[in-house]
Amino acid sequence: MDPVTERQWRRRAETPDEGRVAELAARLGLERLTARLLLGRGLDGGHAETFLRARLADLPDPFRLPDMQRAVDRLAAAIAAGEPVAVHGDYDVDGISGTALLVAGLRLLGAEGVSWHIPLRLRDGYGLSAAALHDAAAARVAVVVTVDCGVSAHAEAVLAGQLGLDLIVTDHHQPPTELPPAFALVNPHCATGLDEFTDLAGVGVAFFLLIALRKQLRDHGRFAAGAEPDLRQLLDLVALGTIADLVPLRGVNRALCKAGLALLNSDHRPGIAALKQVAGVDSVTTGTVGFQLAPRLNAAGRLEDAGRGVDLLLEPEFASALPSAQHLDQCNRERRDLEEQTFRAAEAALAALPRQQRHGIVLAGEGWHPGVIGIVASRLVERYHRPTVLIALDGDTGKGSARSIRGFHLYQGLEACADCLDGFGGHAMAAGLTVAAARVDAFAEAFDRLARARLNDDDLIPSLYHDGSLLLEEVDLAVLQELASLAPFGIGNPEPVLLVEGARAMQVQTLKDQHLKFTVCQGGYGHPAIAFGMAERRSELQGAIDLLVSPQINSYRGRETVQLRVKDVRPALTD
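Computed from a prediction, not measured in an experiment: that's the story for all the values here.

S.K.: Which parts of the structure should I look at to understand the overall build of the protein chain?
M.R.: Within the protein chain, the regular secondary structure consists of 18 helices and 17 strands. Computed over its C-alpha atoms, the radius of gyration of the protein chain comes to 25 Å, within 12% of the 25 Å expected for a compact globule of 575 residues. Dimensions of the protein chain along its principal axes, counting C-alpha atoms only, are 75 × 60 × 45 Å. Relative to its full complement of 575 residues, the protein chain shows a buried share of 52%. Across the protein chain, the fraction of contacts at a sequence separation of at least 24, relative to all contacts at a separation of at least 6, is 68%.

Written out as structure tokens, the structure reads:
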């Protein structure tokens, strides 16, 4: 199977009317390019102003979330009575940061004896652990609060009740038809009319629990004699988990992450400061979280114990945090080695697949490491643009990780193949599953058949989306500084990508045998451009060309200049 090299260029939205662009630019004092981008994202008038402001004061009322009042009533009672509380998280960055958030937040709000547990990926698997519930009961814990898990844990919720534990589930995953009989179930997907909450990551739901609990305690006079805890100091953890979990960075998430990124850059948390040092990160952006900080936090959970990440985030001293961060960095190096081995094995297994089974890819291997198959699945999706499931076999059972493409809802797809599976859960674009080794072939056939039915030829060609045409004369440093106000960028709020038509590439240079550096010229204007990883496409820069670019400010030795980061190139459709 050959890698997909063709890309479709598509506009994200219809070209906004120039009258509306001028009106919005005048109303908010913006450059026309910025106004055009906002309108292209469906933001006009007050919506655009709210988007740019992204104030924490505009966050919605947490008590609108289902079971929130019941949850905070119980936690407030536990704090008043000095009852021990346990937090149960998940082993990804959302679960790690959410666990640290709840532990730190509950302690700030006066809870005593707050403990926490994260399951071992290789031993326990995903979700609420029955063993952890038994341990909590033995330790005389009164309340167990989950973060980023629990909405599907029906049997475990029953067990919690039998053990005398009040189980408060906070989660953001899609709920099953039959909800677990928890004491309280705080999940925006368990009620209707909560659109402003449905994009939250697990750590975001947990943060709203803390906001509601603080209000409850304030109303009961808890802080009358002392300072009220400032929960904004926990927003670095919220941003970390939200960005890493690839949920949309719009609405509530945008406000949370904008404030959280400022904290991530302030080094106020010793564990994150240490992690930044070992990762070589000076300035934290959504990109550095996704590609440098999150993989190191994830690494320990993939190979051994994700609890090391929680320890790091809760560590009060930099000197103590640094060795932990260095250990996570070493785990990340080992993870990369395992990932590469598994990727090569998966490529070999893919080459052996029958051609008719390549709309939806299912690959299984004995001895594949369960901690890296999700990353490898993502790489295969990027390379072949097919919904992909990788399954690590261990005797008679297999643990799978799945990733998808636009047009194929993964959770719904697995639901349609449920007869072949022992269990599954996840989202539209990512999911996990368990399957008997004897059922892998049947599942692979069913999954491929479903993908073939639901995906057309266009779906199998990746798309590059852009925000419309750009004239080089529109770009200067002042415009780029204003465009930066649209950040943080990520899922749901992509970095602006613009189409430069009928341009020419001048003074083309190859850097480090991998990248291209040149000047883009159009109508008497020119700007420096960088095309990372595109050295082998140098011949395509001949004659009139169209480019997809992200304009950015390049800072070098104290000097700032305009730079165009090239996403793709094609022969000009118009000259």
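S.K.: How should I be thinking about the nonpolar core in this particular structure?
M.R.: Generally speaking, nonpolar side chains in soluble globular proteins are found buried as a group. By size, the foremost hydrophobic cluster in this structure holds 84 residues, and its most contacted members are Leu101, Phe208, Leu213 and Leu256. The leading source of residues in this core is helix α8 (residues 202-219), at 11 residues. The residues contacting Phe208, other than those within four sequence positions of it, are Leu59, Pro60, Pro62, Leu65, Met68, Phe197, Leu200, Val252 and Leu256. Membership of the second largest hydrophobic core comes to 39 residues, among which are Leu24, Leu486, Ala505 and Leu547.

S.K.: Sorry, what's going on with unusual backbone geometry here?
M.R.: Most peptide bonds take the trans configuration, and most residues that are not glycine carry a negative phi. Note the cis peptide between Ala487 and Pro488, where omega equals 5°. Summarising the element assignment, Pro488 is placed in the loop between α18 (477-483) and β13 (498-511). Look at Asp148: it is not a glycine, yet its phi comes out positive at around 70°. If you trace the backbone, Asp148 turns up in the loop between β4 (143-147) and α7 (154-162).

S.K.: Even after reading the chapter, I still don't get the sheet that holds strand β16 (residues 545-556), so can you show me in this structure?
M.R.: Strand pairing in a sheet relies on backbone hydrogen bonds, with the paired strands running either antiparallel or parallel. One closed barrel holds the 5 strands; their spatial order is β13-β14-β15-β17-β16, and the pairing between them is mixed. For this sheet, the mean angle separating the axes of adjacent strands, direction not counted, is 45°. Here strand β14 (residues 515-522) runs beside strand β15 (residues 525-531); their pairing, made up of 7 bridges, is antiparallel. Bridged to Gln522 within β15 is Tyr525.

S.K.: Sorry if this is basic, but what is going on with the pattern of salt bridges here?
M.R.: As a working rule, side chains carrying opposite charge can pair if their charged atoms are close by. In total, this model carries 29 salt bridges according to the counting rule given. Taking the shortest distance from any N to any O, the salt bridge between Glu196 and Arg64 comes out at 2.0 Å. With Glu196 in the loop between β6 (184-186) and α8 and Arg64 in the loop between α3 (45-53) and α4 (68-81), the pair connects residues that are 132 residues apart, well separated along the chain. Classification of Arg64 as partly exposed rests on a relative accessible area of 38%. Within this structure, Arg335, Glu339, Glu340, Arg344 and Arg379 form a network of salt bridges that share partners.

S.K.: I would appreciate a short explanation of the sheet that holds β6 in the present structure.
M.R.: An order of β3-β2-β4-β5-β6 is seen for the 5 strands of this open sheet, with the pairing classed as parallel. The open sheet terminates on both sides in strands that have one partner only, identified here as β3 (115-117) and β6. Sheet twist, expressed as the average angle between the axes of neighbouring strands with direction ignored, equals 20°. Pairing of β4 with strand β5 (residues 166-170), which is carried by 5 bridges, proceeds in the parallel orientation. Across the sheet, Val147 pairs through a bridge with Thr170, a residue of β5.

S.K.: Please clarify how the packing of helix α5 (residues 93-108) against helix α9 (residues 235-244) should be interpreted in this entry.
M.R.: Think of two packed helices as two axes; the pair is described by the angle between the axes and how far apart they sit. Relative to each other, α5 and α9 sit at 165°, their axes nearing to 8 Å. By the angle between their directions, the pair α5 and α9 is classed as roughly antiparallel. Our pair here, α5 against α9, has a crossing hand that is left-handed. The residues of α9 that touch α5, namely those facing Val93, Asp94, Ser97, Ala100 and Leu101, are Leu237, Val238, Leu240, Gly241 and Ala244. Here the residues of the contact of α5 with α9 are counted per class, giving 7 nonpolar, 2 polar and 1 charged.

S.K.: Would you take a moment to explain the side chain of Thr288 for this structure?
M.R.: With respect to the helices and strands, the residue Thr288 is situated in helix α12 (residues 286-303). Apart from the residues within four sequence positions on either side, Thr288 is in contact with Val281, Ser283 and Leu293.

S.K.: Just checking my understanding: could you explain the packing of aromatic side chains for this structure?
M.R.: Working definition: an aromatic ring pair is given by the centre-to-centre distance plus the angle between the planes. Under the counting rule described, the total for this entry stands at 4 aromatic pairs. Judged by centre distance (5.3 Å) and plane angle (85°), the ring pair of Phe197 and Phe208 falls under edge-to-face. Of this pair, Phe197 sits in the loop between β6 and α8 while Phe208 sits in helix α8, placing them 11 residues apart in sequence. Neither residue differs from the other here; Phe197 and Phe208 are each classed as buried. Measuring from ring centre to ring centre gives 5.5 Å for Tyr411 and Phe424, while their planes differ by 55°; the resulting arrangement is tilted. With Tyr411 in helix α16 (residues 410-416) and Phe424 in strand β10 (residues 423-426), the pair connects residues that are 13 residues apart, well separated along the chain.

S.K.: What should I look at first to understand the environment of His466 in this one?
M.R.: Turning to its location among the elements, His466 is positioned in strand β12 (residues 463-466). Residue His466 is classed as buried on the basis of its relative accessible area, which comes to 6%. Leaving out residues up to four positions away in the same chain, His466 has contacts with Trp9, Arg10, Arg11, Arg12, Val497, Leu499 and Leu548. Reaching out from His466, the side chain makes a polar contact with the backbone nitrogen of Gly468 at a distance of 3.0 Å.

S.K.: Is there a simple way to think about the pairing of β16 in this case?
M.R.: Every regular strand shows the same layout, with side chains that alternate between the two sheet faces. As judged from the 4 bridges shared by β13 and β16, these two strands associate in the antiparallel manner. Within β16, the residue paired with Val500 across the bridge is Leu547. Two strands pair when backbone bridges link them, and β16 and strand β17 (residues 559-571) are joined in this way by 12 bridges, in the antiparallel orientation. If you follow Asp546 over to β17, its bridge partner there is Arg570. Between the end of β16 and the start of β17, which pair antiparallel, lie 2 residues, with Arg557 showing a positive phi angle near 55°.

Calculation rules
- Residues numbered from 1 in each chain as written.
- Predicted model: local features only at pLDDT ≥ 70, side-chain atom pairs only at ≥ 80, totals over all residues.
- Heavy atoms only, no water.
- Helix = DSSP H or I, 4+ residues; strand = E, 2+ residues; numbered from the N terminus.
- Rg over C-alpha atoms; globule rule 2.2 N^0.38 Å.
- Buried < 20%, exposed > 50% of the residue type's maximum accessible area, 1.4 Å probe, protein only.
- Contact = heavy atoms within 4.5 Å.
- Core = buried A, V, L, I, M, F, W, Y, C linked by side-chain atoms within 4.5 Å.
- Pairing = 2+ DSSP bridges.
- Axes fitted to C-alpha atoms, helices over the stretch in contact; angles between N-to-C directions.
- Salt bridge = Lys/Arg side-chain N within 4 Å of Asp/Glu carboxyl O.
- Parallel < 35°, antiparallel > 145°, perpendicular 65-115°, else oblique.
- Left-handed = near helix turned anticlockwise from the far one by under 90°.
- Nonpolar A, V, L, I, M, F, W, Y, C, P; charged D, E, K, R; others polar.
- Phe/Tyr/Trp six-rings, centres within 6.5 Å; stacked < 30°, edge-to-face > 60°.
- Polar contact = N/O pair within 3.5 Å; in protein donor to acceptor, adjacent residues only side chain to side chain.

Honestly, it's all geometry; don't read function into it.
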